[in-house]
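# Per-entry structural report
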Amino acid sequence: MIADRPEIRLYNTLTKSKEIFTPLDEANVRMYVCGPTVYDYAHIGNARPAIVFDVLFRLLRHVYGDDHVTYVRNITDVDDKITARARRDYPGVPLNQAIHDVTQTTEKQYKHDMSALGCLDPSVEPRATENIGEMIAMIDGLVKGGHAYAKDGHVLFDVRSFISDGELEYGKLARRSLDDMIAGARVEVAPYKRDPMDFVLWKPSTDDEPGWESPWGRGRPGWHIECSAMSARYLGETFDIHGGGIDLSFPHHENELAQSRCANHTEIMAQVWMHNGFLNVEGEKMSKSLGNFITVHELLETDTFGGRTWPGDVLRLAVLMTNYREPIDFSIARLNEAEAMLQKWKTRILEGGLKFDGSTAAVEAGAGPCSKLIAALANDLNMPGALAELHRHAREEGLHHAQRLYGSLQLLGLADEASMKAFVAAEAEAMEDVDQTGVATRIDERLKAIANKDFATADAIREDLLTQNVQLMDYKDPETGERRTKWEIRK
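As a starting point, this report considers the structure included with it. (Residues numbered from 1 in each chain as written. Predicted model: local features only at pLDDT ≥ 70, side-chain atom pairs only at ≥ 80, totals over all residues. Heavy atoms only, no water.)

### Quick notes on the packing of aromatic side chains
Enumeration according to the criterion identifies 7 aromatic pairs in this entry. Aromatic side chains Tyr32 and Phe239 sit 6.5 Å apart centroid to centroid with 50 degrees between the ring planes, which places their arrangement in the tilted category. In this pair, Tyr32 sits in strand β3 (residues 29-33) while Phe239 sits in strand β11 (residues 239-245), placing the two residues 207 residues apart along the sequence. The exposure class of Tyr32 is buried, given its relative accessible area of 0%. Both rings, one in Phe305 and one in Phe330, keep their centres 5.9 Å apart while their planes meet at 25 degrees; by these two values the pair is stacked. Taken together, the residues span a long stretch of sequence, with Phe305 in the loop between α8 (296-301) and α9 (312-320) and Phe330 in strand β15 (residues 328-330) at a distance of 25 residues. Look at Phe305 and you get buried, because its relative accessible area is 9%. Residue classification places Phe330 among the buried positions, given a relative accessible area of 0%. Aromatic rings pair up to connect Phe157, Tyr170 and Phe199 into one cluster. Directly above the aromatic system of Tyr11 lies the positively charged group of Arg325, at a separation of 4.0 Å from the ring centroid. (Phe/Tyr/Trp six-rings, centres within 6.5 Å; stacked < 30°, edge-to-face > 60°. Helix = DSSP H or I, 4+ residues; strand = E, 2+ residues; numbered from the N terminus. Buried < 20%, exposed > 50% of the residue type's maximum accessible area, 1.4 Å probe, protein only. Lys NZ or Arg CZ within 6 Å of the ring centre and 35° of its normal.)

Structure follows, in C-alpha coordinates:
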(Lines give C-alpha, C1' and ligand atoms only; values in the text may rest on other atoms or scores of the structure.)
Protein backbone atom coordinates (compact mmCIF):
# COMPACT_ATOMS: atom_id res chain seq x y z
CA MET A 1 0.00 0.00 0.00
CA ILE A 2 1.27 3.50 -0.86
CA ALA A 3 1.49 5.79 2.17
CA ASP A 4 0.98 8.92 0.04
CA ARG A 5 -1.75 7.67 -2.25
CA PRO A 6 -1.96 9.04 -5.77
CA GLU A 7 -5.22 10.56 -6.91
CA ILE A 8 -7.01 8.00 -9.09
CA ARG A 9 -9.24 9.26 -11.89
CA LEU A 10 -11.54 6.89 -13.79
CA TYR A 11 -13.85 7.45 -16.74
CA ASN A 12 -17.44 6.82 -15.69
CA THR A 13 -19.68 5.64 -18.54
CA LEU A 14 -22.74 6.74 -16.55
CA THR A 15 -21.66 10.39 -16.38
CA LYS A 16 -19.49 10.37 -19.53
CA SER A 17 -16.70 12.06 -17.61
CA LYS A 18 -13.44 11.31 -15.85
CA GLU A 19 -13.91 11.52 -12.10
CA ILE A 20 -11.78 11.39 -8.97
CA PHE A 21 -12.19 7.93 -7.51
CA THR A 22 -13.06 7.88 -3.81
CA PRO A 23 -13.98 4.41 -2.55
CA LEU A 24 -17.02 3.97 -0.37
CA ASP A 25 -14.76 2.21 2.13
CA GLU A 26 -10.98 2.48 1.84
CA ALA A 27 -10.65 -0.67 3.91
CA ASN A 28 -12.61 -2.65 1.30
CA VAL A 29 -12.46 -1.31 -2.26
CA ARG A 30 -14.97 -3.37 -4.28
CA MET A 31 -15.10 -4.16 -7.99
CA TYR A 32 -17.40 -6.41 -10.03
CA VAL A 33 -16.62 -7.48 -13.61
CA CYS A 34 -18.86 -9.64 -15.77
CA GLY A 35 -17.20 -12.99 -16.39
CA PRO A 36 -17.60 -15.74 -18.98
CA THR A 37 -20.57 -17.82 -20.00
CA VAL A 38 -18.86 -21.20 -19.94
CA TYR A 39 -19.87 -23.05 -23.08
CA ASP A 40 -16.88 -22.46 -25.40
CA TYR A 41 -13.24 -21.35 -25.47
CA ALA A 42 -12.71 -17.66 -24.68
CA HIS A 43 -11.76 -15.64 -27.74
CA ILE A 44 -9.24 -12.81 -27.65
CA GLY A 45 -12.07 -10.26 -27.40
CA ASN A 46 -13.25 -11.98 -24.21
CA ALA A 47 -9.71 -11.68 -22.87
CA ARG A 48 -9.61 -7.89 -23.17
CA PRO A 49 -11.82 -7.07 -20.16
CA ALA A 50 -10.07 -9.77 -18.12
CA ILE A 51 -6.70 -8.14 -18.85
CA VAL A 52 -7.86 -4.51 -18.50
CA PHE A 53 -9.58 -5.01 -15.17
CA ASP A 54 -6.73 -7.18 -13.91
CA VAL A 55 -4.48 -4.14 -14.36
CA LEU A 56 -7.00 -2.03 -12.43
CA PHE A 57 -7.16 -4.73 -9.73
CA ARG A 58 -3.36 -4.67 -9.45
CA LEU A 59 -3.32 -0.87 -9.27
CA LEU A 60 -5.97 -0.78 -6.53
CA ARG A 61 -4.10 -3.44 -4.54
CA HIS A 62 -0.89 -1.45 -4.91
CA VAL A 63 -2.55 1.76 -3.73
CA TYR A 64 -4.88 0.46 -1.00
CA GLY A 65 -3.20 -2.82 -0.02
CA ASP A 66 -3.75 -6.41 -1.15
CA ASP A 67 -6.12 -7.17 1.72
CA HIS A 68 -8.28 -4.10 1.11
CA VAL A 69 -9.53 -4.83 -2.41
CA THR A 70 -12.27 -7.30 -3.32
CA TYR A 71 -12.62 -8.25 -6.97
CA VAL A 72 -15.60 -10.37 -8.01
CA ARG A 73 -15.80 -11.92 -11.49
CA ASN A 74 -18.73 -14.28 -11.99
CA ILE A 75 -19.11 -17.55 -13.87
CA THR A 76 -22.37 -17.86 -15.83
CA ASP A 77 -23.04 -21.59 -15.78
CA VAL A 78 -26.77 -21.58 -16.53
CA ASP A 79 -27.69 -20.29 -19.96
CA ASP A 80 -29.54 -21.51 -23.04
CA LYS A 81 -26.25 -21.49 -25.02
CA ILE A 82 -24.80 -23.93 -22.49
CA THR A 83 -27.81 -26.20 -22.80
CA ALA A 84 -27.57 -26.16 -26.60
CA ARG A 85 -23.85 -26.97 -26.49
CA ALA A 86 -24.40 -29.82 -24.05
CA ARG A 87 -27.02 -31.37 -26.31
CA ARG A 88 -24.77 -31.00 -29.34
CA ASP A 89 -21.54 -32.31 -27.79
CA TYR A 90 -22.96 -35.02 -25.54
CA PRO A 91 -25.79 -36.76 -27.40
CA GLY A 92 -27.32 -39.58 -25.41
CA VAL A 93 -25.89 -38.32 -22.12
CA PRO A 94 -28.41 -37.17 -19.47
CA LEU A 95 -28.72 -33.40 -19.91
CA ASN A 96 -27.74 -32.45 -16.36
CA GLN A 97 -24.54 -34.50 -16.66
CA ALA A 98 -23.81 -33.07 -20.12
CA ILE A 99 -24.26 -29.51 -18.85
CA HIS A 100 -21.97 -30.28 -15.91
CA ASP A 101 -19.29 -31.62 -18.26
CA VAL A 102 -19.52 -28.60 -20.58
CA THR A 103 -19.37 -26.01 -17.81
CA GLN A 104 -16.63 -27.69 -15.78
CA THR A 105 -14.40 -28.25 -18.83
CA THR A 106 -14.92 -24.75 -20.19
CA GLU A 107 -14.45 -23.05 -16.82
CA LYS A 108 -11.18 -24.91 -16.28
CA GLN A 109 -9.94 -23.89 -19.74
CA TYR A 110 -10.95 -20.27 -19.17
CA LYS A 111 -9.03 -20.07 -15.91
CA HIS A 112 -6.00 -21.71 -17.51
CA ASP A 113 -6.04 -19.24 -20.41
CA MET A 114 -6.49 -16.16 -18.20
CA SER A 115 -3.65 -17.32 -15.96
CA ALA A 116 -1.44 -17.73 -19.04
CA LEU A 117 -2.27 -14.09 -19.89
CA GLY A 118 -0.93 -13.00 -16.51
CA CYS A 119 -4.30 -12.36 -14.85
CA LEU A 120 -4.55 -12.78 -11.10
CA ASP A 121 -7.37 -14.86 -9.71
CA PRO A 122 -10.29 -12.65 -8.61
CA SER A 123 -11.01 -12.50 -4.88
CA VAL A 124 -14.30 -14.33 -5.47
CA GLU A 125 -15.46 -16.23 -8.58
CA PRO A 126 -19.09 -17.17 -7.88
CA ARG A 127 -21.10 -19.47 -10.13
CA ALA A 128 -24.64 -18.52 -11.04
CA THR A 129 -25.98 -21.96 -10.07
CA GLU A 130 -24.67 -21.46 -6.53
CA ASN A 131 -26.74 -18.28 -6.12
CA ILE A 132 -30.20 -19.22 -7.38
CA GLY A 133 -31.72 -18.59 -3.94
CA GLU A 134 -30.42 -15.02 -3.95
CA MET A 135 -31.85 -14.48 -7.43
CA ILE A 136 -35.29 -15.78 -6.46
CA ALA A 137 -35.29 -13.55 -3.35
CA MET A 138 -34.36 -10.48 -5.39
CA ILE A 139 -37.03 -11.20 -8.00
CA ASP A 140 -39.62 -11.73 -5.29
CA GLY A 141 -38.74 -8.36 -3.79
CA LEU A 142 -39.10 -6.67 -7.18
CA VAL A 143 -42.55 -8.22 -7.66
CA LYS A 144 -43.69 -7.15 -4.21
CA GLY A 145 -42.29 -3.66 -4.77
CA GLY A 146 -44.26 -3.19 -7.97
CA HIS A 147 -41.20 -3.28 -10.25
CA ALA A 148 -41.86 -6.72 -11.77
CA TYR A 149 -44.83 -8.85 -12.73
CA ALA A 150 -45.52 -12.53 -13.38
CA LYS A 151 -47.24 -13.77 -16.52
CA ASP A 152 -47.42 -17.22 -18.11
CA GLY A 153 -44.64 -18.61 -15.90
CA HIS A 154 -42.38 -15.66 -16.68
CA VAL A 155 -41.41 -12.81 -14.41
CA LEU A 156 -40.52 -9.54 -16.14
CA PHE A 157 -39.03 -6.27 -14.98
CA ASP A 158 -41.29 -3.30 -15.62
CA VAL A 159 -38.88 -0.72 -17.06
CA ARG A 160 -41.43 2.12 -16.78
CA SER A 161 -41.55 1.57 -13.02
CA PHE A 162 -37.91 2.70 -12.66
CA ILE A 163 -38.68 6.30 -11.77
CA SER A 164 -36.85 8.74 -9.52
CA ASP A 165 -38.16 12.22 -8.70
CA GLY A 166 -40.83 11.75 -11.33
CA GLU A 167 -38.29 11.03 -14.06
CA LEU A 168 -37.73 7.74 -15.91
CA GLU A 169 -34.30 6.42 -14.94
CA TYR A 170 -34.12 3.50 -17.37
CA GLY A 171 -31.79 4.32 -20.27
CA LYS A 172 -29.48 6.75 -18.45
CA LEU A 173 -26.44 4.49 -18.70
CA ALA A 174 -26.95 4.15 -22.47
CA ARG A 175 -28.09 7.79 -22.64
CA ARG A 176 -30.99 6.82 -24.86
CA SER A 177 -34.72 7.40 -24.53
CA LEU A 178 -37.08 4.47 -24.19
CA ASP A 179 -38.52 5.13 -27.65
CA ASP A 180 -35.02 5.19 -29.18
CA MET A 181 -34.13 1.95 -27.45
CA ILE A 182 -37.27 0.25 -28.71
CA ALA A 183 -36.54 1.44 -32.26
CA GLY A 184 -32.87 0.45 -32.20
CA ALA A 185 -32.87 -2.78 -30.23
CA ARG A 186 -33.80 -6.33 -31.08
CA VAL A 187 -36.82 -6.43 -28.83
CA GLU A 188 -38.52 -9.75 -28.20
CA VAL A 189 -42.24 -9.36 -28.85
CA ALA A 190 -44.16 -11.65 -26.53
CA PRO A 191 -47.79 -11.75 -25.36
CA TYR A 192 -46.74 -11.83 -21.70
CA LYS A 193 -44.95 -8.43 -21.92
CA ARG A 194 -46.62 -5.18 -20.91
CA ASP A 195 -43.97 -3.16 -22.71
CA PRO A 196 -41.58 -4.26 -25.49
CA MET A 197 -38.55 -3.21 -23.39
CA ASP A 198 -39.56 -5.20 -20.30
CA PHE A 199 -36.96 -7.91 -19.77
CA VAL A 200 -37.04 -11.41 -18.31
CA LEU A 201 -36.05 -12.05 -14.71
CA TRP A 202 -37.33 -15.63 -14.56
CA LYS A 203 -38.54 -18.00 -17.28
CA PRO A 204 -40.18 -21.42 -17.19
CA SER A 205 -38.20 -24.60 -17.82
CA THR A 206 -39.46 -27.72 -19.53
CA ASP A 207 -38.93 -31.06 -17.84
CA ASP A 208 -35.69 -31.67 -19.75
CA GLU A 209 -34.22 -28.18 -19.19
CA PRO A 210 -32.27 -26.96 -16.13
CA GLY A 211 -34.69 -25.58 -13.58
CA TRP A 212 -35.36 -24.70 -9.94
CA GLU A 213 -38.55 -24.43 -7.96
CA SER A 214 -39.78 -20.88 -7.38
CA PRO A 215 -42.99 -18.99 -6.44
CA TRP A 216 -43.69 -18.75 -10.19
CA GLY A 217 -43.15 -22.42 -10.95
CA ARG A 218 -40.14 -24.44 -12.01
CA GLY A 219 -37.81 -22.31 -14.08
CA ARG A 220 -34.43 -20.63 -14.44
CA PRO A 221 -33.12 -17.07 -14.10
CA GLY A 222 -32.62 -14.52 -16.84
CA TRP A 223 -29.03 -13.47 -17.47
CA HIS A 224 -29.26 -9.95 -16.06
CA ILE A 225 -30.57 -10.91 -12.61
CA GLU A 226 -27.62 -13.27 -12.12
CA CYS A 227 -25.07 -10.46 -11.92
CA SER A 228 -27.30 -8.26 -9.73
CA ALA A 229 -27.78 -11.04 -7.21
CA MET A 230 -24.13 -12.10 -7.12
CA SER A 231 -22.74 -8.57 -6.87
CA ALA A 232 -25.13 -7.79 -4.00
CA ARG A 233 -24.21 -10.99 -2.17
CA TYR A 234 -20.45 -10.61 -2.39
CA LEU A 235 -19.97 -6.82 -2.56
CA GLY A 236 -23.10 -5.32 -1.02
CA GLU A 237 -26.05 -3.38 -2.40
CA THR A 238 -23.71 -0.56 -3.48
CA PHE A 239 -20.05 -0.88 -4.41
CA ASP A 240 -17.27 1.02 -6.14
CA ILE A 241 -16.66 -0.18 -9.70
CA HIS A 242 -18.63 -2.23 -12.21
CA GLY A 243 -16.70 -3.20 -15.34
CA GLY A 244 -17.04 -5.09 -18.58
CA GLY A 245 -16.86 -4.78 -22.35
CA ILE A 246 -18.65 -1.94 -24.11
CA ASP A 247 -20.95 -4.52 -25.72
CA LEU A 248 -22.42 -5.18 -22.26
CA SER A 249 -23.31 -1.56 -21.50
CA PHE A 250 -26.71 -2.07 -23.11
CA PRO A 251 -28.84 -3.95 -22.39
CA HIS A 252 -27.01 -6.06 -19.79
CA HIS A 253 -25.59 -3.33 -17.56
CA GLU A 254 -28.57 -1.05 -18.10
CA ASN A 255 -30.82 -3.85 -16.85
CA GLU A 256 -28.53 -4.70 -13.94
CA LEU A 257 -28.52 -1.11 -12.79
CA ALA A 258 -32.31 -0.82 -13.01
CA GLN A 259 -33.22 -4.01 -11.18
CA SER A 260 -30.52 -3.57 -8.51
CA ARG A 261 -31.51 -0.03 -7.62
CA CYS A 262 -35.21 -0.95 -7.51
CA ALA A 263 -34.63 -4.13 -5.49
CA ASN A 264 -32.27 -2.49 -3.01
CA HIS A 265 -33.88 0.98 -2.91
CA THR A 266 -30.53 2.69 -3.54
CA GLU A 267 -29.50 5.80 -5.46
CA ILE A 268 -26.63 3.92 -7.14
CA MET A 269 -25.58 0.35 -7.84
CA ALA A 270 -21.92 1.13 -8.55
CA GLN A 271 -20.14 4.46 -8.18
CA VAL A 272 -18.23 4.02 -11.42
CA TRP A 273 -19.20 2.10 -14.58
CA MET A 274 -16.22 1.26 -16.76
CA HIS A 275 -16.19 -0.31 -20.22
CA ASN A 276 -13.38 -1.40 -22.50
CA GLY A 277 -13.62 -0.94 -26.26
CA PHE A 278 -14.17 -3.46 -29.03
CA LEU A 279 -11.47 -5.68 -30.53
CA ASN A 280 -11.08 -6.19 -34.29
CA VAL A 281 -8.74 -8.66 -35.98
CA GLU A 282 -6.54 -7.44 -38.85
CA GLY A 283 -8.89 -4.52 -39.43
CA GLU A 284 -12.15 -6.49 -39.46
CA LYS A 285 -14.79 -7.31 -36.87
CA MET A 286 -14.08 -10.74 -35.43
CA SER A 287 -16.60 -13.34 -36.54
CA LYS A 288 -16.70 -17.02 -37.36
CA SER A 289 -18.13 -16.29 -40.81
CA LEU A 290 -15.02 -14.25 -41.72
CA GLY A 291 -12.71 -16.96 -40.42
CA ASN A 292 -10.95 -14.56 -38.03
CA PHE A 293 -12.52 -15.82 -34.81
CA ILE A 294 -9.44 -16.52 -32.65
CA THR A 295 -9.50 -18.13 -29.24
CA VAL A 296 -6.90 -17.56 -26.56
CA HIS A 297 -6.29 -21.32 -26.56
CA GLU A 298 -5.44 -21.25 -30.28
CA LEU A 299 -3.06 -18.31 -29.84
CA LEU A 300 -1.27 -20.01 -26.96
CA GLU A 301 -1.19 -23.58 -28.25
CA THR A 302 -1.50 -23.69 -32.07
CA ASP A 303 -0.11 -22.02 -35.18
CA THR A 304 -3.50 -20.69 -36.29
CA PHE A 305 -2.49 -17.00 -36.17
CA GLY A 306 0.75 -16.04 -37.86
CA GLY A 307 1.95 -19.63 -38.25
CA ARG A 308 3.23 -19.89 -34.66
CA THR A 309 2.22 -19.94 -31.01
CA TRP A 310 2.37 -16.73 -28.96
CA PRO A 311 3.50 -16.35 -25.32
CA GLY A 312 0.90 -15.12 -22.86
CA ASP A 313 2.87 -11.99 -21.93
CA VAL A 314 3.08 -11.01 -25.61
CA LEU A 315 -0.70 -11.37 -25.98
CA ARG A 316 -1.22 -9.36 -22.80
CA LEU A 317 1.02 -6.50 -23.91
CA ALA A 318 -0.57 -6.47 -27.37
CA VAL A 319 -3.94 -5.88 -25.69
CA LEU A 320 -2.56 -3.21 -23.34
CA MET A 321 -0.76 -1.19 -26.01
CA THR A 322 -4.00 0.68 -26.81
CA ASN A 323 -5.97 2.80 -24.35
CA TYR A 324 -8.60 0.52 -22.84
CA ARG A 325 -11.58 2.59 -24.00
CA GLU A 326 -10.47 2.68 -27.63
CA PRO A 327 -10.98 -0.10 -30.19
CA ILE A 328 -8.04 -2.44 -30.83
CA ASP A 329 -6.88 -3.77 -34.16
CA PHE A 330 -5.40 -7.09 -33.08
CA SER A 331 -2.84 -8.11 -35.70
CA ILE A 332 0.30 -10.14 -36.32
CA ALA A 333 2.24 -6.89 -36.69
CA ARG A 334 1.02 -5.79 -33.25
CA LEU A 335 2.10 -9.10 -31.71
CA ASN A 336 5.55 -8.83 -33.28
CA GLU A 337 5.89 -5.30 -31.92
CA ALA A 338 4.83 -6.41 -28.44
CA GLU A 339 7.27 -9.32 -28.49
CA ALA A 340 10.16 -7.07 -29.53
CA MET A 341 9.38 -4.62 -26.72
CA LEU A 342 9.23 -7.35 -24.08
CA GLN A 343 12.52 -8.83 -25.24
CA LYS A 344 14.15 -5.40 -25.13
CA TRP A 345 12.85 -4.64 -21.63
CA LYS A 346 13.83 -8.02 -20.20
CA THR A 347 17.29 -7.74 -21.73
CA ARG A 348 17.74 -4.32 -20.13
CA ILE A 349 16.73 -5.72 -16.76
CA LEU A 350 19.46 -8.34 -16.98
CA GLU A 351 22.04 -5.89 -18.31
CA GLY A 352 21.24 -3.58 -15.39
CA GLY A 353 22.45 -6.21 -12.94
CA LEU A 354 19.34 -7.97 -11.66
CA LYS A 355 19.90 -11.67 -11.02
CA PHE A 356 17.33 -14.43 -11.29
CA ASP A 357 19.53 -17.26 -10.11
CA GLY A 358 18.24 -17.59 -6.55
CA SER A 359 19.96 -14.42 -5.33
CA THR A 360 17.40 -11.83 -4.23
CA ALA A 361 19.70 -9.00 -3.18
CA ALA A 362 19.72 -7.31 -6.58
CA VAL A 363 15.94 -7.36 -6.78
CA GLU A 364 15.14 -6.25 -3.25
CA ALA A 365 17.08 -3.00 -3.12
CA GLY A 366 14.97 -0.19 -4.54
CA ALA A 367 12.51 -2.60 -6.13
CA GLY A 368 9.01 -1.60 -7.12
CA PRO A 369 7.27 0.25 -9.94
CA CYS A 370 8.25 3.80 -10.75
CA SER A 371 6.03 6.59 -9.42
CA LYS A 372 5.44 8.10 -12.87
CA LEU A 373 4.10 4.79 -14.13
CA ILE A 374 1.74 4.64 -11.15
CA ALA A 375 0.63 8.19 -11.93
CA ALA A 376 -0.08 7.21 -15.54
CA LEU A 377 -2.18 4.22 -14.48
CA ALA A 378 -3.98 6.34 -11.91
CA ASN A 379 -5.06 8.60 -14.78
CA ASP A 380 -7.78 6.28 -16.09
CA LEU A 381 -5.33 3.46 -16.86
CA ASN A 382 -3.31 5.60 -19.25
CA MET A 383 -1.29 2.81 -20.84
CA PRO A 384 0.43 4.97 -23.47
CA GLY A 385 1.83 7.02 -20.58
CA ALA A 386 2.80 3.86 -18.71
CA LEU A 387 4.56 2.46 -21.77
CA ALA A 388 6.48 5.72 -22.16
CA GLU A 389 7.84 5.22 -18.64
CA LEU A 390 8.89 1.64 -19.44
CA HIS A 391 10.73 2.88 -22.54
CA ARG A 392 12.37 5.65 -20.49
CA HIS A 393 13.83 3.24 -17.96
CA ALA A 394 14.90 0.87 -20.74
CA ARG A 395 16.97 3.66 -22.32
CA GLU A 396 18.91 4.29 -19.11
CA GLU A 397 21.82 2.29 -17.75
CA GLY A 398 22.33 0.96 -14.25
CA LEU A 399 20.74 -1.08 -11.49
CA HIS A 400 18.22 1.57 -10.37
CA HIS A 401 16.55 1.75 -13.76
CA ALA A 402 16.63 -2.03 -14.13
CA GLN A 403 14.89 -2.39 -10.79
CA ARG A 404 12.23 0.17 -11.66
CA LEU A 405 11.67 -1.43 -15.03
CA TYR A 406 11.27 -4.86 -13.48
CA GLY A 407 8.98 -3.58 -10.71
CA SER A 408 6.82 -1.80 -13.27
CA LEU A 409 6.53 -4.90 -15.46
CA GLN A 410 5.57 -6.87 -12.35
CA LEU A 411 2.77 -4.45 -11.53
CA LEU A 412 1.44 -4.69 -15.09
CA GLY A 413 1.51 -8.49 -15.00
CA LEU A 414 4.14 -8.62 -17.74
CA ALA A 415 6.98 -10.19 -15.77
CA ASP A 416 7.69 -12.14 -12.62
CA GLU A 417 10.56 -14.20 -11.28
CA ALA A 418 9.46 -17.36 -13.11
CA SER A 419 9.13 -15.61 -16.48
CA MET A 420 12.50 -13.90 -16.04
CA LYS A 421 14.17 -17.22 -15.23
CA ALA A 422 12.59 -18.70 -18.36
CA PHE A 423 13.87 -15.74 -20.37
CA VAL A 424 17.40 -16.20 -19.01
CA ALA A 425 17.30 -19.90 -19.89
CA ALA A 426 16.05 -19.16 -23.42
CA GLU A 427 18.75 -16.55 -23.93
CA ALA A 428 21.43 -18.98 -22.77
CA GLU A 429 20.14 -21.64 -25.16
CA ALA A 430 20.11 -19.18 -28.05
CA MET A 431 23.66 -18.06 -27.26
CA GLU A 432 24.93 -21.62 -27.62
CA ASP A 433 24.36 -21.39 -31.36
CA VAL A 434 26.23 -18.10 -31.77
CA ASP A 435 29.93 -17.66 -32.48
CA GLN A 436 30.44 -15.01 -29.82
CA THR A 437 34.11 -14.49 -30.69
CA GLY A 438 33.16 -14.00 -34.31
CA VAL A 439 30.47 -11.48 -33.38
CA ALA A 440 32.97 -9.51 -31.27
CA THR A 441 35.40 -9.46 -34.19
CA ARG A 442 32.73 -8.19 -36.57
CA ILE A 443 31.72 -5.46 -34.11
CA ASP A 444 35.36 -4.28 -33.92
CA GLU A 445 35.51 -4.20 -37.72
CA ARG A 446 32.31 -2.17 -37.84
CA LEU A 447 33.53 0.35 -35.26
CA LYS A 448 36.73 0.85 -37.25
CA ALA A 449 34.70 1.35 -40.41
CA ILE A 450 32.59 3.99 -38.67
CA ALA A 451 35.73 5.72 -37.40
CA ASN A 452 36.99 5.84 -41.02
CA LYS A 453 33.55 7.12 -42.17
CA ASP A 454 33.11 3.97 -44.23
CA PHE A 455 29.41 3.77 -43.44
CA ALA A 456 28.60 1.42 -46.30
CA THR A 457 30.86 -1.26 -44.78
CA ALA A 458 29.49 -0.58 -41.30
CA ASP A 459 25.91 -1.00 -42.54
CA ALA A 460 26.81 -4.18 -44.42
CA ILE A 461 28.28 -5.72 -41.24
CA ARG A 462 25.14 -4.79 -39.27
CA GLU A 463 22.90 -6.38 -41.91
CA ASP A 464 25.08 -9.49 -42.16
CA LEU A 465 24.85 -10.03 -38.39
CA LEU A 466 21.13 -9.40 -38.52
CA THR A 467 20.72 -12.35 -40.91
CA GLN A 468 22.23 -14.43 -38.09
CA ASN A 469 19.62 -12.95 -35.69
CA VAL A 470 22.28 -10.82 -33.99
CA GLN A 471 20.90 -7.33 -33.26
CA LEU A 472 23.47 -4.54 -32.70
CA MET A 473 22.76 -1.54 -30.48
CA ASP A 474 25.02 1.49 -30.34
CA TYR A 475 25.40 3.68 -27.25
CA LYS A 476 27.81 6.16 -25.71
CA ASP A 477 30.02 5.16 -22.80
CA PRO A 478 28.64 7.28 -19.90
CA GLU A 479 32.17 7.94 -18.61
CA THR A 480 34.26 8.49 -21.76
CA GLY A 481 31.58 9.43 -24.27
CA GLU A 482 33.04 6.93 -26.74
CA ARG A 483 30.83 4.89 -29.05
CA ARG A 484 30.16 1.40 -27.79
CA THR A 485 28.13 -1.46 -29.26
CA LYS A 486 26.28 -4.25 -27.53
CA TRP A 487 24.31 -7.02 -29.07
CA GLU A 488 21.51 -9.46 -28.41
CA ILE A 489 19.80 -12.37 -30.10
CA ARG A 490 16.72 -11.26 -32.00
CA LYS A 491 13.91 -13.79 -31.66
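### A few points about the side chain of His393
For His393, the location among the structural elements is in helix α13 (residues 383-395). Under the relative-accessibility criterion, His393 is labelled buried at 4%. Within the structure, His393 has its side chain in polar contact with the side chain of His401 (distance 3.0 Å). Residues contacting His393, with those up to four places away along its chain left out, are Cys370, His401, Arg404 and Leu405. (Polar contact = N/O pair within 3.5 Å; in protein donor to acceptor, adjacent residues only side chain to side chain. Contact = heavy atoms within 4.5 Å.)

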